[in-house]
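Spelled out from the first residue to the last, the chains are:
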Amino acid sequence: MYLKLNDLSFQYDDQQLIHSFSCAIEKGSITAVLGSSGSGKSTLLRLICGLEKPIEGSMTLDQKVMFDNAHFTEAHCRQIGLVFQDYALFPHLTVRKNIEYGVRKSSVLRKKEIVDRLLKMVELTQDADKYPSQCSGGMQQRVAIARALANEPKLLLLDEPFSNLDQQLKDRMRILMKQWFKEQGVTVIIVTHDQQDAAMLADQIIVLGA
Ligand code: ADP
Ligand code: MG
């Protein structure tokens, strides 16, 4: 298995939030983790990408240990992309520069090639010079996804990606995202409280706290 989480547990202060969570994820698949508000979805993503330390459990990604009793790989060394619920774009950078920020070290020409391809994929070529404040919520989300993909992550995590979109846009984005992720062959975990998101997008559905 490409990603394995074994008996992951976590607590804030004295409140245990994640209880012995385990899952196995295949390369190139889309997994939805379903849970109600406050069930620990965002925390689970923070644990997977290394922004929090679990109290117990282990994780391997692409056969490398990310954490266990003896190891903890820092977030910036994990090659895991996280798209926050509020997108967290850089307000002082244009759409193009936001996406370019995600590109790992490469030549100027190659960088441009990668960014142009991603801009085209997310249908933002015409908007490349706009700033986030000039973009709609849906556009901002596409920038955030393109920025995360620019880094060629081994794993892409999305926190409630549809919660800020209206119904019509939501339906369209679900279809487009599935298309992009399959096209890029990227392995994805989406956390959501919406069963419909999970049903429409995911190859595998895991219920948090079940
Ligand atoms: P979800 O994303 O499913 O809504 P979260 O993972 O954000 O859930 O939070 C789950 C619970 O953990 C909530 O009760 C929340 O108040 C608590 N929590 C989240 N972050 C912190 C923190 N930094 N310190 C203490 N408690 C927190
Ligand atoms: Mg959350």
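Details of the structure are given in the entry above.
Since the structure is predicted, the reported quantities are computational estimates derived from the model, not experimental observations.

S.K.: Which residues make up the sheet that holds strand E6 (residues 80-83), and what values go with them?
M.R.: Within the open sheet, the five strands sit side by side as E6-E7-E8-E3-E9. Their pairing is parallel. Pairing within the sheet leaves two strands with one partner each, and these edge strands are E6 and strand E9 (204-207). Neighbouring strand axes in the sheet, compared pairwise and without regard to direction, differ in orientation by 20° on average. The sheet contact formed by E6 and strand E7 (residues 155-159) spans four bridges and is parallel. Directly across from Ile 80, in E7, lies its bridge partner Leu 155. Contacting strand E3 (30-34), E6, E7 and strand E8 (188-192), helix H1 (residues 41-49) runs over the sheet at an angle of about 155° to E7.

S.K.: Please provide a residue-by-residue account of the packing of aromatic side chains, values included.
M.R.: Counted by the stated rule, this structure contains two aromatic pairs. Arranged with centres 4.6 Å apart and planes meeting at 65°, the rings of Phe 90 and Tyr 101 form a pair that is edge-to-face. Here Tyr 101 lies in helix H2 (residues 95-102) and Phe 90 lies in the loop between E6 and H2, a separation of 11 residues in the sequence. Residue class for Phe 90 comes out partly exposed when judged on its relative accessible area of 24%. Note on Tyr 101: relative accessible area 55%, which makes it exposed. The ring centre of Phe 72 lies 4.9 Å from the NZ or CZ of Arg 78, which sits over that ring.

S.K.: Give me the sheet that holds strand E2 (residues 15-25): which residues, what numbers.
M.R.: Read from one edge to the other, the open sheet built from four strands follows the order E2-E1-E4-E5, with strand pairing classed as antiparallel. Every interior strand has two partners, whereas the edge strands, E2 and strand E5 (64-67), have only one. Geometrically, the sheet is characterised by an average inter-axis angle of 25° between neighbouring strands, direction not taken into account. Looking at chain direction, strand E1 (residues 3-12) and E2 are connected through seven bridges and run antiparallel. Bridged to Leu 8 within E2 is Phe 21. Across the face of the sheet, H1 comes into contact with E1, E2, strand E4 (56-61) and E5 while running at roughly 120° to E1.

Conventions used here
- Residues numbered from 1 in each chain as written.
- Chains lettered and ligands numbered in written order.
- Predicted model: local features only at pLDDT ≥ 70, side-chain atom pairs only at ≥ 80, totals over all residues.
- Heavy atoms only, no water.
- Pairing = 2+ DSSP bridges.
- Helix = DSSP H or I, 4+ residues; strand = E, 2+ residues; numbered from the N terminus.
- Axes fitted to C-alpha atoms, helices over the stretch in contact; angles between N-to-C directions.
- Contact = heavy atoms within 4.5 Å.
- Phe/Tyr/Trp six-rings, centres within 6.5 Å; stacked < 30°, edge-to-face > 60°.
- Buried < 20%, exposed > 50% of the residue type's maximum accessible area, 1.4 Å probe, protein only.
- Lys NZ or Arg CZ within 6 Å of the ring centre and 35° of its normal.

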